[in-house]
Amino acid sequence: MINLEVPKKLTTLVGRAHQAAAEIFRPNSRKYDRAEHTYPVELDMLAALLDGLNTSGAGGAGASGVRRTDDDKATGVRNGGNLATVLGAIEMCWGDVGLLLSMPRQGLGNAAIASRGNEEQLARFAGKWAAMAITEPDTGSDSAAIRTTAVPDGDDYILNGEKIFITSGERADAVVVWATLDRNKGRAAIKSFVVEKGTPGFELVRLEHKLGIRASDTAHFRLDNVRVPRENLLGDPEINAAQGFAGVLQTFDNTRPLVAAMAVGVARAALEETARLLAEAGIEIDYDRPANSQSAAAATYLALEADYEAAYLLTLSAAWMADNGKPNSLQASMAKAKAGRAATDIALKCVELVGGLGYSEHTLLEKWARDAKILDIFEGTQQIQLLIVARRLLGKTSAQLK
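The structure contained in this document is the topic of the report that follows.

Conventions we followed
Residues numbered from 1 in each chain as written. Predicted model: local features only at pLDDT ≥ 70, side-chain atom pairs only at ≥ 80, totals over all residues. Heavy atoms only, no water. Helix = DSSP H or I, 4+ residues; strand = E, 2+ residues; numbered from the N terminus. Buried < 20%, exposed > 50% of the residue type's maximum accessible area, 1.4 Å probe, protein only. Contact = heavy atoms within 4.5 Å. Areas by Shrake-Rupley, 256 points an atom, 1.4 Å probe, with all protein chains shown as cover. Expected span 1.5 Å × (residues − 1). Salt bridge = Lys/Arg side-chain N within 4 Å of Asp/Glu carboxyl O. Phe/Tyr/Trp six-rings, centres within 6.5 Å; stacked < 30°, edge-to-face > 60°. Lys NZ or Arg CZ within 6 Å of the ring centre and 35° of its normal. Axes fitted to C-alpha atoms, helices over the stretch in contact; angles between N-to-C directions. Parallel < 35°, antiparallel > 145°, perpendicular 65-115°, else oblique. Left-handed = near helix turned anticlockwise from the far one by under 90°. Nonpolar A, V, L, I, M, F, W, Y, C, P; charged D, E, K, R; others polar. Pairing = 2+ DSSP bridges. Polar contact = N/O pair within 3.5 Å; in protein donor to acceptor, adjacent residues only side chain to side chain.

1. Some points on the overall build of the protein
Next up, step 1: Counting its secondary structure elements, the protein contains twelve helices and ten strands.
Next up, step 2: Each of the 402 residues in the protein was classed as buried or not, and the buried ones make up 54%.
Next up, step 3: Counted over contacts in the protein with a minimum sequence separation of 6, partners at least 24 positions apart contribute 74%.
Next up, step 4: As displayed, the protein offers around 17,200 Å² of accessible surface, 53% of which is attributable to carbon and sulfur atoms.

2. Considerations on helix 3 (residues 81-95)
Next up, step 1: Compared with an ideal rise of 1.5 Å per residue, which puts 15 residues at 21 Å, helix 3 spans 22 Å between its outermost C-alpha atoms and is within 8% of the ideal.
Next up, step 2: Where burial is concerned, most of helix 3 is hidden: 15 out of the 15 residues are buried.

3. Quick look at the pattern of salt bridges
Oppositely charged side chains are able to pair whenever their charged atoms sit close together.
Next up, step 1: As enumerated under the stated definition, the model contains 26 salt bridges in all.
Next up, step 2: Where Arg34 meets Glu361, a salt bridge forms, and the shortest distance between an N and an O atom there is 2.6 Å. One end of the pair, Arg34, is in helix 1 (residues 11-34); the other, Glu361, is in the loop between helix 10 (356-359) and helix 11 (365-374), with 327 residues separating them in the sequence.
Next up, step 3: Its relative accessible area of 47% is what places Glu361 among the partly exposed residues.
Next up, step 4: What you see here is one network of salt bridges that share partners, running through Arg30, Asp33, Arg34, Glu361, Glu366 and Arg370.

4. Section: the packing of aromatic side chains
Next up, step 1: Per the counting criterion, the structure on display carries three aromatic pairs.
Next up, step 2: Here Phe202 and Phe221 contribute two aromatic rings whose centre-to-centre distance is 4.4 Å and whose plane-to-plane angle is 10°, an arrangement assigned as stacked. In this pair, Phe202 is assigned in strand 8 (residues 202-207) and Phe221 in strand 9 (residues 218-229), connecting sequence segments 19 residues apart. When sorted by exposure, Phe202 lands in the same class as Phe221, which is buried.
Next up, step 3: Ring centres of Tyr308 and Tyr312 lie 6.0 Å apart, and the angle between their planes is 5°; this geometry places the pair in the stacked category. Of this pair, Tyr308 and Tyr312 both sit in helix 8 (residues 296-323), four residues apart, which is roughly one turn of the helix.
Next up, step 4: Directly above the ring of Trp94 sits Arg26, whose terminal nitrogen or CZ lies 3.8 Å from the centroid.
Next up, step 5: Positioned above the aromatic ring of Tyr157 is the side chain of Arg230, whose terminal nitrogen or guanidinium carbon lies 4.9 Å from the ring centre.

5. Details of the packing of helix 1 against helix 3
Next up, step 1: Their axes nearest at 7 Å, the elements helix 1 and helix 3 cross at an angle of 25°. For the element pair helix 1 / helix 3, the angle class is roughly parallel. In this structure, helix 1 meets helix 3 at a crossing whose hand is right-handed. Mapping the contact onto sequence places Leu13, Val14, Ala17, His18, Ala20, Ala21, Ala22, Phe25, Arg26 and Ser29 in helix 1 and Ala84, Leu87, Gly88, Glu91, Met92, Trp94 and Gly95 in helix 3.
Next up, step 2: Here the residues of the contact of helix 1 with helix 3 sort into eleven nonpolar, four polar and two charged.

6. Points about unusual backbone geometry
Next up, step 1: Positive phi, normally seen in glycine, also occurs at Ser168, with a value near 60°.
Next up, step 2: Position of Ser168 among the secondary structure elements: in the loop between strand 5 (156-167) and strand 6 (174-180).
Next up, step 3: Positive phi outside glycine occurs at Asn225, with the angle close to 50°.
Next up, step 4: Assignment of secondary structure puts Asn225 in strand 9.

7. A look at the pairing of strand 7 (residues 190-196)
Next up, step 1: Taking burial as the measure, the seven residues of strand 7 include six buried ones, the bulk of the element.
Next up, step 2: By the bridge criterion, seven bridges tie strand 6 to strand 7 in an arrangement that is antiparallel. Bridging from a neighbouring strand, Val177 pairs with Phe193 of strand 7.
Next up, step 3: Both strand 7 and strand 10 (residues 233-234) contribute to a ladder of two bridges, which runs antiparallel. What sits directly across from Phe193, in strand 10, is Leu233.

8. Description of helix 11
Side chains of residues three or four places apart in an α-helix project in the same direction, reflecting 3.6 residues per turn.
Next up, step 1: Extensive coverage of helix 11 is indicated by the burial of eight of its ten residues.
Next up, step 2: When helix 11 is considered as a whole, its buried residues turn out to be Leu365, Glu366, Lys367, Trp368, Ala369, Arg370, Asp371 and Ala372.

9. Quick word on the environment of Met103
Next up, step 1: Take Met103: it is sitting in the loop between helix 4 (97-101) and helix 5 (108-116).
Next up, step 2: In the structure, Met103 is positioned 64 residues away from Tyr39 in sequence and 9.9 Å away in space, judged by C-alpha atoms.
Next up, step 3: In contact with Met103, not counting residues within four places along its chain, are Phe25, Leu43, Leu46, Ala47, Leu50 and Trp129.

10. Quick notes on the packing of helix 3 against helix 8
Next up, step 1: Here helix 3 crosses helix 8 at 150°, and the two axes come no closer than 7 Å. Judged on the interaxial angle alone, helix 8 and helix 3 are roughly antiparallel. Across the interface between the two elements, Gly81, Asn82, Leu83, Val86, Leu87 and Ile90 from helix 3 touch Tyr312, Thr315, Leu316, Ala319, Ala322 and Asp323 from helix 8.
Next up, step 2: Taken together, the residues of the contact of helix 3 with helix 8 sort by class into eight nonpolar, three polar and one charged.

11. Description of the side chain of Thr139
Next up, step 1: Inspection of the secondary structure puts Thr139 in the loop between strand 3 (130-133) and strand 4 (149-153).
Next up, step 2: Judged by relative accessible area, Thr139 falls into the buried class, the value being 2%.
Next up, step 3: There is a polar contact of 3.1 Å between the side chain of Thr139 and the backbone oxygen of Ala145.
Next up, step 4: If we skip the residues at most four places from it in the chain, Thr139 touches Ala145, Ile146 and Arg147.

Okay, here's the thing in structure tokens:
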């Protein structure tokens, strides 16, 4: 395997993240997989520690932001901030991805506020746990087709619509809701609004029962004439056709490498467990011999490990670019596409390699195989990521290449 050195200033963070994964996440992984929708109380102390790390500038497991000027240049970049978040997430998801998604104040809504909020909003929502609401019953991967409306009314906006698949939606203090100011003006009219819990008309419809990441709650909300103050709008209130959807999508430049990191962590966990079980079965993996001269199991394992390395390097690259003020939309989508698919493929193949042990609950391999699939779906499906990559490489617009 390729063993890149972790920057010295991040070794403590990575060590602490791995310790938390080993001592809190991994031991409780099966418990909260079985107790779906039960809040993992073990996370409260860890969440307080991460709050302290974020406040001190040492970084945490999520919720950092990429702030950009109108000419797509990053501002206020903290050196190594996104890399710290990615490395921390890899370690945490080696423990359990569902528990990481359940961490208070580390949600995708927090990343949106960090990326798009003004100074007043950053101060006002500091310490809040924010979820993200994009997907709708009739709007899946095409975020530009959002139907939830936001109509100006004096000092407020009135929001109406329905949102599904909201990670930590019930547990969060607020939800960043994507809505359109004018359906006739397409992508440019889509804005994001911070809707605080308890706002009249903001109704929890249900929590979903899921294949994986069961420790994390996934909510369905209905918005019925929800009144949101104008100061809760993130970003420019004007409909800027020239900028289009770019302002809203800046959040993804940061969160897609984070989701890729989650996938890398799950893949590494599966590979390490499989290597252990293969060794117990007497199957040797020899890094000094060609794969085709070894057993079929060893050759397959080496191929999976190479797939993991590619995903890992792409993820670090996307985070490094964000930290150095470089536009990273292409690399963020490449990392998300590669890591999401690799984690799913690796986890399923690891189950197959160890046979009945992988399919049973004697190990966590079957759980990781279930958890991995969502990482290839949310934050933009595999197909959407490949479409974005193609547009970027070919210089095509969304209208030219669908």
